[in-house]
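Spelled out, the chains give:
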Amino acid sequence: MPHFRSLTSRLVLPLLLAAVAAASLVAAASYWLADRAAAQQLQQRFSAIRRSLESSQFPLTRSVLTSLSELTSAQWITLGPDGQIVDSTLTLSASERSQLAERLGRLPADLTSENAAPARLDHAQRVYQAMRFRRTPTGRRGAEIPIHDVVVLFDDTQWRNARLQAAAAPLVTGLSTIVLLSSVTLLLAGRLIGRITRLQRQVDAIAQGDFSSDLPVNPDDELGRLGRAVQSMAAQLRQMWDAL
């Protein structure tokens, strides 16, 4: 005897699996697109900073760095020709300045590349997206100001939040659509299975000798026609039984 498998499991389970798979794909695609958009936005911010530093001639004093930090929502650090930290918007102890200067010295100095990728920098239990720029501005009287390397740090937390916020709208829309379509599909599948179940009970009753049929035959579709065929069969069997 073949193993019985409910029509519910044959129809509903694949629909649920398809809905879960679709939701996973929507979530992955939304996060990937949001991550790409956030990376492009971060790259644009660094590119704008690069152009500003190339065209500016003002000295990067502490007050200027503070203003730039507030304007860009980033941390700014200047390095002297010897690679030591000249000034910083981060609060650093003497040991932290030395350790951070050593790590910053390993960052590549970005000059003209518009597509240079920022580097990951860990400091004080925070993760930053860092880029180092070389700046050689000229003073008002033509005297060259000593070379300063400028390092700009964007807190990775704000970009992670930006990725999540960018992914939220398409993710919610996609998941809502999937839930709605899945609910409608499951509702229709449930009604279909209910009609088939009633038809099965009627056939079982006929097999037990009950030829009365109260099976609804509407709507006029494949199951409705099958129901009328079962009713006709039951009527013919009842006539034969009565004739006997």
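Source: prediction; values computed, not measured. (Residues numbered from 1 in each chain as written. Predicted model: local features only at pLDDT ≥ 70, side-chain atom pairs only at ≥ 80, totals over all residues. Heavy atoms only, no water.)

1. Quick word on the environment of Gln236
Note that Gln236 resides in helix H5 (residues 222-243). As for Gln236 and Phe211, which are separated by 25 residues in sequence, their C-alpha atoms are 8.9 Å apart. (Helix = DSSP H or I, 4+ residues; strand = E, 2+ residues; numbered from the N terminus.)

2. A short note on the pairing of strand S5 (residues 126-135)
Most of S5 is tucked away, with 7 of its 10 residues classed as buried. Across 5 bridges, strand S4 (residues 119-123) lies against S5 in antiparallel orientation. Along S5, the bridge assignment pairs Arg120 with Gln129. Between S4 and S5, which pair antiparallel in sequence order, lie 2 residues; one of them, Ala124, sits at a positive phi of approximately 50°. (Buried < 20%, exposed > 50% of the residue type's maximum accessible area, 1.4 Å probe, protein only. Pairing = 2+ DSSP bridges.)

3. Things to note about the pattern of salt bridges
For the structure on display, the rule yields 7 salt bridges. The salt bridge partner of Asp149 is Arg132, with a shortest N-O separation of 2.5 Å. In this pair, Asp149 is assigned in strand S6 (residues 148-155) and Arg132 in strand S5, connecting sequence segments 17 residues apart. Given the relative accessible area of 5%, Asp149 is considered buried. The exposure class of Arg132 is buried, given its relative accessible area of 10%. Across the pair Asp149 and Arg134 runs a salt bridge whose closest N-O atoms are separated by 2.9 Å. Of this pair, Asp149 sits in strand S6 while Arg134 sits in strand S5, placing them 15 residues apart in sequence. Accessibility expressed as a relative area gives 42% for Arg134, which makes it partly exposed. A network of salt bridges, in which partner residues are shared, links Arg132, Arg134 and Asp149. (Salt bridge = Lys/Arg side-chain N within 4 Å of Asp/Glu carboxyl O.)

4. So, the environment of Arg163
Inspection of the secondary structure puts Arg163 in helix H4 (residues 156-207). Through-space distance from the C-alpha of Arg163 to that of Ala39 is 8.8 Å; in sequence the pair is 124 residues apart.

5. Details of the side chain of Asp156
Its place among the elements puts Asp156 in helix H4. On the basis of relative accessibility, which here comes to 10%, the residue Asp156 falls in the buried class. Excluding residues within four positions of it along the chain, Asp156 makes contact with Val127, Tyr128, Gln129 and Arg163. (Contact = heavy atoms within 4.5 Å.)

6. Describing the packing of aromatic side chains
Enumeration over the complete set of coordinates arrives at 2 aromatic pairs. Aromatic pair Phe46 and Phe133: ring centres 6.4 Å apart, planes at 45°, arrangement tilted. Of this pair, Phe46 sits in helix H1 (residues 7-55) while Phe133 sits in strand S5, and the two are 87 residues apart along the sequence. Take Phe46 and Phe133: they sit in the same class, and that class is buried. Seen in terms of ring centroids, Phe46 and Phe154 are 5.1 Å apart; in terms of plane orientation they differ by 85°. Their pairing is edge-to-face. One end of the pair, Phe46, is in helix H1; the other, Phe154, is in strand S6, and 108 residues separate them in sequence. You can call Phe46 buried: its relative accessible area is 0%. (Phe/Tyr/Trp six-rings, centres within 6.5 Å; stacked < 30°, edge-to-face > 60°.)

All quantities given are derived from atomic positions and should not be read as evidence of function.
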